[in-house]
Amino acid sequence: MSEFRVKAISNLHAEFSVPGDKSMSHRAAILGGLSNGTCTIRNFLPSEDCINTLNAMRALGATYEILDSLEGYGPVNLRIHGQSMRLSQAAAPIDCGNAGTGMRLLAGLLAGQTFSTELFGDASLSSRPMGRVTIPLGQMGATIETRGEKPGCAPLFIHAAKLQAITYEMPMASAQVKSAVLLAGMFAEGKTTVIQPAETRDHTERMLASFHVSTRHEGNAISIYGGQIPQSCDFTVPGDISSAAFWLVAAAALPGSRLLIKDVGLNPTRTAILKVLSRMGAHMSEIVHHSAGEPIGNIEIHGAALKGTTILIEEVPNLIDEIPVIAVAAALAQGRTIIRNAKELRVKETDRITTVVEGLRAMGAHVDEFEDGMEIEGGQPLHGATIDSCGDHRIAMAFAIAGLFAKGETVIKNTECVNTSYPGFSHHLNAIRHERSSPADFTLPTTAHA
Ligand code: S3P
């Protein structure tokens, strides 16, 4: 079992880019595989989650070739051969690993096929709620059995079905649910509409547009007509702002630091983390340098003495994945930080309210736990502790950042899970830990394939 050992740093000056965006990599694999030709995808995230989705599409007929790979992980540049919306039955059950996004999007994709498919995942994924996708897909005519030990959980047995279009009002603000229904809608007759209670990340809609599949947007309602064939295109995945968030917090909380994160996704449905860190006192600028489909740019941040803040209700879906590391920033800030209306955290890879609260308390922070969030009284000095990630990648990485500010050594146990979203995290952590600043120290090695 691997672990991180982290001690306090006194200096952070660095410029680097983080691996590709996880949400977009899942979607690029799926839409590339549905398209009517060959698509070159660059800067794909070679994480276990996204490779599982890529291999799921291969099992359904959309093969791919690797052009370049990140050493020790997998493809970063690849060519995928789309099947013009005609997938074929997988020879075996499909493994989604740890990925809620992979399983829920694939469930939408597979609900309206002429063949049956079984989707399964690891222990964490097998305990996460799937009713949020099987209910709307069932209303469209899908037959999906949840055969997990826990009711409503994976494995999913998705039977062949003919779908009809529906209008579905989502009970929770979830981009995964929205995307599952839109993907199913591509195989249904007529107009499928999803209404979201609050804005969620819009990568599916943007990527559909890149593949010339039209969607219609009226307020928080998104509609799609079935029968459209995605037109093959090439797609470059920007860096993942959710991965950048760990270093942004480290730099924000260290007065005198300077960090430049390059070529990162700046989609406004994902950038609330920047607003929150600015409110807490960090000095920040973002420069968009490319904006076809998805805005890409650089973020420069200078550290400061941080102060507490209140996360606004409408910000929660935008920064849901960043909350563990925002909680770390809050512990390092003076004053109170309030994170409420975030009950969704309890159904992530772990119950992230409990894992964050317990981890911060173990390091000396003052935290109150609520059913829907937490309140942190910042400014207590943190001390090293042993923290179990419980197999949750964002918990492992958030507490590695906390360790950079704690007295003594912090040991994070069970850190293999970071490979589900951030291959190369430990390489970047080592460079930061040893207070290195040359861009070469952050470069992740890639290999070209013939
Ligand atoms: C994601 C949506 C979010 C997020 C997850 C990725 C996506 O989940 O937490 O990491 O790619 O659609 P929910 O849809 O459950 O909010």
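Residues numbered from 1 in each chain as written. Predicted model: local features only at pLDDT ≥ 70, side-chain atom pairs only at ≥ 80, totals over all residues. Heavy atoms only, no water.

1. Regarding the domain arrangement of the protein
Accessible area lost when the parts come together is the quantity often used to give the size of an interface. The line we're drawing: Residue ranges for the domains trace back to a domain assignment, done automatically or taken from a database. Contact definition: two residues touch when any of their heavy atoms are within 4.5 Å. Note on terms: buried area is the combined drop in 1.4 Å-probe accessible area of two parts once they are placed together, counting the loss on both. Salt-bridge detection follows one rule: a side-chain nitrogen of Lys or Arg within 4 Å of a carboxyl oxygen of Asp or Glu.
Its domain assignment divides the protein into domain 1 (3–19 + 240–448) and domain 2 (22–224). Put simply, the middle of domain 1 and the middle of domain 2, counted by C-alpha atoms, are 28 Å apart. In this complex, domain 1 contributes 28 residues to the contact, which on the side of domain 2 involves 30 residues. Roughly 2,700 Å² of surface becomes buried between domain 1 and domain 2 when both sides are summed, with 49% attributable to carbon and sulfur atoms. Among the residues domain 1 hides against domain 2, the three largest losses belong to Thr269, Glu349 and Thr420. Together they make up 19% of the total. One can count three salt bridges joining domain 1 with domain 2.

2. Examining helix 4 (residues 131–139)
Rule in force here: Three labels apply to residues, based on accessible area from a 1.4 Å probe with only protein chains included: buried if under 20% of the type maximum, exposed if over 50%, partly exposed otherwise in between. Numbered from the N terminus, helices here are DSSP runs of H or I no shorter than four residues, and strands are runs of E no shorter than two.
Along helix 4, the residues classified as buried are Arg132, Val133, Thr134, Pro136 and Leu137. For helix 4, the elements touching its buried residues are helix 3 (100–110), strand 8 (143–146), strand 9 (156–159), strand 10 (167–169) and helix 5 (175–185). One or two steps after helix 4, the chain reaches glycine 141, where phi turns positive at roughly 110°.

3. Points about the packing of aromatic side chains
Formally: Ring pairs shown here join Phe, Tyr and Trp side chains whose ring centres sit within 6.5 Å, with only the six-membered ring taken for Trp; geometry is labelled stacked below 30 degrees between planes, edge-to-face above 60, and tilted in between.
The final tally for this structure, using the stated rule, is seven aromatic pairs. Taken together, a centroid distance of 5.0 Å and an interplanar angle of 20° make the contact between tryptophan 247 and phenylalanine 425 stacked. Of the two residues, tryptophan 247 is situated in helix 7 (residues 241–252) and phenylalanine 425 in helix 12 (residues 425–433); the sequence distance between them amounts to 178 residues. The class of tryptophan 247 is buried, set by a relative accessible area of 0%. Their ring planes at 75° and their centres at 5.3 Å tell us that tyrosine 422 and phenylalanine 425 sit as a pair that is edge-to-face. With respect to class, tyrosine 422 is no different from phenylalanine 425; both count as buried.

4. Brief notes about the site of the ligand
Spelled out, the test is: Residues are classed as near a molecule or strand on a simple rule: at least one heavy atom within 4 Å of it. By the criterion applied in these results, polar contacts are pairs of N or O atoms within 3.5 Å in which, for protein atoms, one can donate a hydrogen and the other can accept it, and in which residues neighboring in sequence qualify only through two side-chain atoms. Per-residue and other accessible areas were derived by the Shrake-Rupley procedure at a 1.4 Å probe size, with only the shown protein chains allowed to occlude residues. Residue polarity is assigned by list, with Asp, Glu, Lys and Arg as charged and Ala, Val, Leu, Ile, Met, Phe, Trp, Tyr, Cys and Pro as nonpolar; anything else, Gly included, falls into the polar class.
Inspection of the region around the ligand gives Lys22, Ser23, Arg27, Thr101, Ala173, Ser174, Ala175, Gln176, Arg201, Ile320, Asp321 and Lys348 as its neighbouring residues. Between an oxygen atom of the ligand and a side-chain N or O atom of arginine 27, the distance comes to 2.7 Å. At 2.7 Å from an oxygen atom of the ligand is found a side-chain nitrogen or oxygen belonging to lysine 348. Coverage of the ligand by the protein amounts to 95% of the 390 Å² it exposes when considered alone. Mapped by element, the contributors of at least two residues to the shell around the ligand are helix 1 (22–34) and helix 5. Ranked by the residues each element gives to the shell around the ligand, the list is headed by helix 1, at three residues. A breakdown of the residues in the shell around the ligand according to their chemical character gives three nonpolar, four polar and five charged. Two domains each donate at least three residues to the shell around the ligand, and these are domain 1 (3–19 + 240–448) and domain 2 (22–224).

5. A word on the pairing of strand 15 (residues 258–265)
The condition is simple: Two strands pair if DSSP finds at least two bridges between them.
For strand 2 (residues 13–16) and strand 15, the ladder comprises four bridges, and the chain directions are parallel. Bridge pairing in strand 15 places glutamate 15 opposite leucine 260. In the sheet, strand 15 pairs with strand 17 (residues 296–302) via six bridges, with the strands oriented antiparallel. Residue leucine 260 lies in a different strand from strand 17, and its bridge partner there is glutamate 300.

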